[in-house]
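If you want the building blocks of each chain, they are given just below.
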Amino acid sequence: METETLYYEPLVWVVTDKEEGWKVRSVMHTRMGISRKLTSAVKQTERGVLLNGERVYVGRYVKAGDVLEIRMEQEESTDIMPQPIPFEVLYEDDAILVVNKPAGLIVHPTQGHYLNTLANGVVHYWRERGDRRRFRPIHRLDQDTSGVMAIAKTAHAQEVVSQQMHRDITRKQYLAFVFGTLPEVAGVVDGPIDRDPLDPHRRIVTPTGARARTHYEVVETFGGASMVRLRLETGRTHQIRVHMTALGCPLLGDAYYGNEASQSLLAMGRQALHAELLAFHHPVSGEWMEFRAPWPADFVDLHERLKGLN
């Protein structure tokens, strides 16, 4: 018995006068944002590239009014076990899923840690709705960081938004409670980041590291601590935690980068970091979209307790 090939929602482009005489591959790359790697995969797919409903080669020339349809074969994460994990859905359509990740939740299974991750929960969430997809995180948050996180539902969506992040077109904004007082009310930390030679899991600011820039603004000050809003210009591992530590103001509760004082000052059991906003152009429509995650309960509680120190 022949098995029917399943596809995601197709990407459709109506050829304009400007694209008259272009080749299909040029429309795919330039107008539809489909990479050469993904084009190669689509070419191997039965009825993956359709022009006016007929399968064509990507070298075919197009004319104004032609309807180009790209159909990508459905993939699913067969190596991730579905498991009911609580998380809040902030937005979802055929291309992306945006969630509010709880603190304490690892994003993806790792060796020796195959369950109790966001990936397990998302795969279960989709399967319960009859949707079998591959888990494609566009970016990641540390285990103990809460807040907005985007997951692509197709390879194309993952490519498009990931490229936006690489080109610094997206906006990633965080809120943190740090120990002490920052040197300025607002500023930029421009400190290259690399692995600590004494601890490969830890990152440090070093001249030989990769470029890393963090914009910060002090929102509120308390007795011995500050609430800071941060915007990432780059996305290095542990970037905010490393940069705040380099300024002498580690995140409250950060057991890895903090000092004894920052860990003991009204500690909340994790680093006080929340991804409050993520914005990017939708991978299909191109519309600018902003997603916000409300403060988790432990953030609200810490804020109230810190105000009591004033």
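In this report, we go over the structure that sits alongside the text. Please read all numbers here as calculations on a predicted model, not as lab measurements.

**A look at the overall build of the protein chain**
Within the protein chain, the regular secondary structure consists of seven helices and 16 strands. In terms of overall dimensions, the protein chain has a C-alpha envelope of 70 × 45 × 35 Å along the principal axes. Residues counted as buried form 47% of the 310 residues belonging to the protein chain. Carbon and sulfur atoms make up 48% of the accessible area of the protein chain, which totals about 15,500 Å². Both charge centroids of the protein chain, one from 37 positive and one from 40 negative side chains, sit 5 Å from each other.

**Quick look at the environment of I34**
Along the chain, I34 falls in the loop between α1 (24-31) and α2 (36-43). In this structure the C-alpha to C-alpha distance between I34 and H156, which are 122 residues apart in sequence, comes to 6.5 Å. Filtering out sequence-adjacent residues up to four positions away, I34 remains in contact with L11, M28, H29, T39, I70 and H156.

**Concerning the layout of surface pockets**
Here the largest pocket is characterised by a volume of approximately 1,200 Å³. Surrounding the largest pocket, 38 residues form its lining, R140, L141, D142, T237 and H238 being those nearest its centre. Elements with a minimum of two residues in the lining of the largest pocket: α4 (155-166), β9 (171-179) and α5 (239-246). Looking at the lining of the largest pocket residue by residue, the classes come out as 12 nonpolar, 14 polar and 12 charged.

**Focus on the pattern of salt bridges**
Summed over the entire model, instances satisfying the criterion amount to 15 salt bridges. E19 is paired through a salt bridge with R31; the nearest N and O atoms lie 2.7 Å apart. Note that E19 is positioned in the loop between β1 (11-14) and α1 and R31 in helix α1, a separation of 12 residues in sequence. Note on E19: relative accessible area 2%, which makes it buried. Assessed through its relative accessible area of 33%, R31 is described here as partly exposed. Ionic pairing is found between K153 and E92, a salt bridge with its closest N-O pair at 2.9 Å. One end of the pair, K153, is in the loop between β8 (146-152) and α4; the other, E92, is in strand β5 (residues 88-92), and 61 residues separate them in sequence. Exposure remark for K153: the relative accessible area of 4% places this residue in the buried category. Members of the salt-bridge network, linked through shared partners, are D190, R211, R213 and E233.

**Comments concerning the packing of aromatic side chains**
Scanning the model with the defined rule gives eight aromatic pairs in all. An angle of 70° between the planes, with centres 5.7 Å apart, marks the rings of F87 and Y125 as edge-to-face. Taken as a pair, F87 in the loop between β4 (67-70) and β5 and Y125 in helix α3 (residues 118-128) lie far apart in primary sequence, 38 residues in all. Neither residue differs from the other here; F87 and Y125 are each classed as buried. Seen from their ring centres, F177 and F222 are 6.2 Å apart, and the 45° between their planes marks the pair as tilted. Residue F177 is found in strand β9, and its partner F222 is found in strand β13 (residues 213-222); the two are separated by 45 residues along the sequence. Of the two residues, F177 and F222, neither departs from the other in class, the shared state being buried. Through a chain of ring-to-ring contacts, three or more aromatic side chains come together here, namely F177, F222, W295 and F299. Just above the ring of Y256 sits the side chain of R202; from NZ or CZ to the centre is 5.9 Å.

**Side note on the side chain of S146**
Here S146 is to be found in strand β8. Its relative accessible area of 2% is what places S146 among the buried residues. Once residues within four sequence positions are removed from consideration, S146 is found in contact with K101, P102, A103, L141, R270, L273, H274, A275 and P296.

**Regarding the sheet that holds β1**
Pairing in this open sheet of four strands is antiparallel, and the strands run β1-β4-β2-β3 from one edge to the other. Each having just a single partner strand, β1 and β3 (54-55) make up the two edges of the open sheet. Bridging between β1 and β4 involves four bridges; their strand directions are antiparallel. Bridging across to β4, V12 finds its partner in E69. Here α1 sits on the sheet in contact with β1, β2 (49-51) and β4, set at roughly 70° to β4.

**Comments concerning the pairing of β5**
In the sheet, β5 pairs with strand β6 (residues 96-101) via four bridges, with the strands oriented antiparallel. Residue pairing across strands places Y91 opposite V98, the latter belonging to β6. Hairpin geometry of β5 and β6 is characterised by an intervening segment of three residues between the two adjacent antiparallel strands.

**Some words on the environment of G121**
Its place among the elements puts G121 in helix α3. Looking at G121, the relative accessible area reads 2%, which means it is buried. Remark: the alpha-carbon pair of G121 and G33, spanning 88 residues in sequence, is separated by 30 Å. When residues no more than four places from it in sequence are discounted, the contact partners of G121 are Q83, I85 and F87.

What counts, and where the lines are drawn
- Residues numbered from 1 in each chain as written.
- Predicted model: local features only at pLDDT ≥ 70, side-chain atom pairs only at ≥ 80, totals over all residues.
- Heavy atoms only, no water.
- Helix = DSSP H or I, 4+ residues; strand = E, 2+ residues; numbered from the N terminus.
- Buried < 20%, exposed > 50% of the residue type's maximum accessible area, 1.4 Å probe, protein only.
- Areas by Shrake-Rupley, 256 points an atom, 1.4 Å probe, with all protein chains shown as cover.
- Lys, Arg positive; Asp, Glu negative; His and termini not counted.
- Charge placed at Lys NZ, Arg CZ, Asp CG, Glu CD.
- Contact = heavy atoms within 4.5 Å.
- 1 Å grid on protein atoms, 1.4 Å probe; cavity = no way out; pocket = protein on both sides within 12 Å on 5 of 7 lines; lining within 4 Å.
- Points joined across faces, edges and corners; volume = space filled by probe spheres on them.
- Nonpolar A, V, L, I, M, F, W, Y, C, P; charged D, E, K, R; others polar.
- Salt bridge = Lys/Arg side-chain N within 4 Å of Asp/Glu carboxyl O.
- Phe/Tyr/Trp six-rings, centres within 6.5 Å; stacked < 30°, edge-to-face > 60°.
- Lys NZ or Arg CZ within 6 Å of the ring centre and 35° of its normal.
- Pairing = 2+ DSSP bridges.
- Axes fitted to C-alpha atoms, helices over the stretch in contact; angles between N-to-C directions.

Keep in mind these values describe shape, not function.
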